[in-house]
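Chain by chain, the residues:
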Amino acid sequence: MNFQYEGKDHKGIVLRMERSSIHDGTGFRTVVFMKGCHLRCAWCSTPESQPFEIQTTAEDQTYGEVMTVEEVLKEVRKDIPFYFHSGGGMTVSGGEMMAQPDFARCLLQQAQKEGINTAIETALFAKWTVVESILQHVDTAYIDIKFVDPELHRRFCGVDNRPILSNLLHTNSLRHPFRLIVRTPLIPGLNDSEAELHRIGQFCTQLKKLDWIQLLPYHKLGTDTYRKLGIPYALGDIDTPSPEHMEACRDIVAQHLERVVW
């Protein structure tokens, strides 16, 4: 079938695509991981997603590929029957998908026109005009809150979090209906103090579109990629939090919100 639409030939840098994912939204999903991120989170499990350029390691492994919107959607369309039967669809992730806004917007807009459910995973680190233009074409937005404390965010994520928090508050004014789910990666010793967990919970009470907040336990799944890229991993001494610790953290956040999961 020959699809014609605005933005069909727009190019972006895609890190990879994963089909049949069940962890990046409802149902079976095709996840489009985009390359490039302005944040430098100390625990990032995909360091290959941070640079905007295509990379090749000493082991001849290549990270990234230039693709058009239509080339991506050709892959996404292959699983349309699975989306409709499972309630799944396409998820655009990163890196930071907002860092390639025109590509992401064209991709999401056309997917919705074709009846494909759309979701994004983002830190929301972008100008509000960019965020607003993309959210118009999103059914579910998974948005990270790593810290509310600005100094901790600058120290461990490398950027100011005020634009992120401001954008989250701006979603209250959007008329477009979409599900907002906040995710907080729980990093022992960094953002799991009672004070910071209370700050996260209190901030989220202001989000009118919030469906729930999910706490994600820290893991070390990306450490081999750091080795391949020759990048030191800063948090090697931190262990994955125990279920008991996760539950204790959930209880703190749940003092402010009814729906807190991990």
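Preceding this section is the structure that the text describes.
Attention in this report is confined to the structure presented alongside it.

About the criteria used
Position labels on residues start from 1 in each chain and follow its written sequence. Whole-chain, interface and lining totals are the exception, using all residues; otherwise, since this is a predicted model, local features are given only for residues with pLDDT of at least 70 and side-chain atom pairs are given and counted only at 80 or more. Values reported for side chains reflect all heavy atoms of the structure, with hydrogen atoms and water molecules removed beforehand. Excluding any residue in a salt bridge, patches collect residues exceeding 30% relative accessible area, merging like charges within 9 Å and nonpolar Val, Leu, Ile, Met, Phe, Trp and Tyr side chains within 5 Å. Each accessible area is a Shrake-Rupley result for a 1.4 Å probe, and residues are judged covered by the shown protein chains and nothing else. Put simply, a salt bridge is a Lys or Arg side-chain nitrogen that is within 4 Å of an Asp or Glu carboxyl oxygen. Secondary structure elements are defined from DSSP: runs of H or I of at least 4 residues count as helices, runs of E of at least 2 residues count as strands, and each element is numbered from the N terminus. Per-residue accessibility, obtained with a 1.4 Å probe over protein chains only, is compared with the maximum for each type, and a residue is labelled buried under 20%, exposed over 50%, and partly exposed between these values. Buried and open spaces are told apart on a 1 Å grid over the protein atoms alone, a cavity being a set of points where a 1.4 Å probe fits but cannot get out and a pocket being an open set with protein on both sides within 12 Å along at least five of seven lines. Residues with an atom within 4 Å of a point are the lining residues. Grid points are joined across faces, edges and corners, and a volume is the space filled by probe spheres set on the points. For this scheme, ten residues count as nonpolar: Ala, Val, Leu, Ile, Met, Phe, Trp, Tyr, Cys and Pro. Four count as charged, namely Asp, Glu, Lys and Arg, and the remainder, Gly too, count as polar. The set of buried Ala, Val, Leu, Ile, Met, Phe, Trp, Tyr and Cys residues whose side-chain atoms join them within 4.5 Å is what this entry labels a nonpolar core. In this description, contact between two residues means that some pair of their heavy atoms is separated by no more than 4.5 Å. Strand pairing follows a simple DSSP-based rule, namely that at least 2 bridges must link the two strands. Whether a crossover is right-handed comes down to one check: with the strands pointing away from the viewer, does the path from the first strand over the helix to the second run clockwise; if it does, it is right-handed. Of all possible arcs, the one meant is that of the directions from the helix axis to the C-beta atoms. Centres within 6.5 Å make a pair out of two Phe, Tyr or Trp rings, where for Trp the six-membered ring is used; the pair is then stacked when the planes are under 30 degrees apart, edge-to-face when over 60, and tilted otherwise. The rule is short: NZ of Lys or CZ of Arg within 6 Å of the ring centre and within 35 degrees of the ring normal puts a charge over the ring. All axes here are fitted lines through C-alpha atoms, helices being fitted over the stretch that makes contact, and every angle between N-to-C directions spans 0 to 180 degrees.

### Here we look at a nonpolar patch on the surface
Right, on to step 1. Judged by side-chain polarity, Ile22, Phe28 and Phe82 come together as a nonpolar surface patch covering roughly 320 Å² of accessible area.
Right, on to step 2. One can find phenylalanine 28 in the loop between strand S1 (11–21) and strand S2 (29–34).
Right, on to step 3. Judged by relative accessible area, phenylalanine 28 falls into the partly exposed class, the value being 39%.

### Looking at empty space enclosed by the protein
Right, on to step 1. Inspection of every chain in the model, using the stated rule, returns one cavity of 30 Å³ or more.
Right, on to step 2. Reported here for the largest cavity is a volume of approximately 40 Å³.
Right, on to step 3. Class assignment of the residues belonging to the lining of the largest cavity gives a composition of five nonpolar, two polar and two charged.

### Some remarks on the nonpolar core
Right, on to step 1. Core analysis: the biggest nonpolar cluster contains 57 residues, and Met90, Met97, Met98, Leu107, Ile120, Leu168 and Cys204 have the highest contact counts within it.
Right, on to step 2. With six residues, the top contributor of residues to this core is helix H3 (residues 101–113).
Right, on to step 3. Contacts of methionine 97, omitting those with residues within four sequence positions, involve Met34, Val92, Ala104, Leu108, Ile120, Glu121, Thr122 and Ile134.
Right, on to step 4. Counting 18 residues, the second-largest nonpolar core is a separate cluster that includes Ile187, Leu190, Tyr233 and Ile238.

### Some words on the pairing of strand S8 (residues 140–144)
Right, on to step 1. Of all five residues in S8, five are buried; the element is thus mostly enclosed.
Right, on to step 2. Along S8, one buried face is formed by Thr140, Tyr142 and Asp144 and the opposite face, lined by Ala141 and Ile143, is buried too.
Right, on to step 3. Bridging between strand S7 (residues 117–122) and S8 involves four bridges; their strand directions are parallel. Residue pairing for S8: threonine 122 is matched across the bridge by isoleucine 143.
Right, on to step 4. Remark: the S7/helix H4 (residues 128–135)/S8 crossover connection has right-handed handedness.

### Quick look at helix H6 (residues 162–170)
Right, on to step 1. Those residues of H6 that sit buried are Ile164, Leu165, Asn167 and Leu168. Relative to the axis of H6, the buried residues are bounded by an arc of 160 degrees and lie together on one face.
Right, on to step 2. Where the residues of H6 are buried, they touch H4, S8, helix H5 (150–157), strand S9 (179–186) and helix H7 (194–204).

### Re the side chain of threonine 171
Right, on to step 1. Structurally, threonine 171 is set in the loop between H6 and S9.
Right, on to step 2. Looking at threonine 171, the relative accessible area reads 0%, which means it is buried.
Right, on to step 3. Residues within four places of threonine 171 in sequence aside, it is in contact with Trp128, Leu135, Phe178, Leu180 and Lys209.

### Comments concerning the packing of aromatic side chains
Right, on to step 1. The tally for this structure, following the rule as stated, stands at three aromatic pairs.
Right, on to step 2. Between tyrosine 226 and tyrosine 233, the ring centres sit 4.9 Å apart and the planes meet at 65 degrees, which makes this aromatic pair edge-to-face. Each member of the pair, tyrosine 226 as well as tyrosine 233, carries the same accessibility label: buried.
Right, on to step 3. Through successive ring pairs, a cluster of aromatic residues spans Trp43, Phe147 and Phe156.
Right, on to step 4. Here the basic side chain of arginine 16 rests over the ring of phenylalanine 33, its NZ or CZ set 4.5 Å away from the ring centre.

### What about the sheet that holds S7?
Sheet strands pair by backbone hydrogen bonding; their relative direction is either parallel or antiparallel.
Right, on to step 1. Reading across the sheet, the nine strands line up as S5-S1-S2-S6-S7-S8-S9-S10-S11 and stay open at both edges, with mixed pairing between neighbours. Taken across any chain shown, the strands that pair with only one partner, and hence form the sheet edges, are strand S5 (65–68) and strand S11 (260–261).
Right, on to step 2. Inspection of the sheet shows S8 paired to S9 by five bridges, in the parallel sense. Counted as the bridge partner of alanine 141 is leucine 180 from S9.
Right, on to step 3. Relative to the sheet, helix H1 (residues 69–77) contacts S1, S2, S5 and strand S6 (89–93), its axis offset from that of S5 by approximately 85 degrees.

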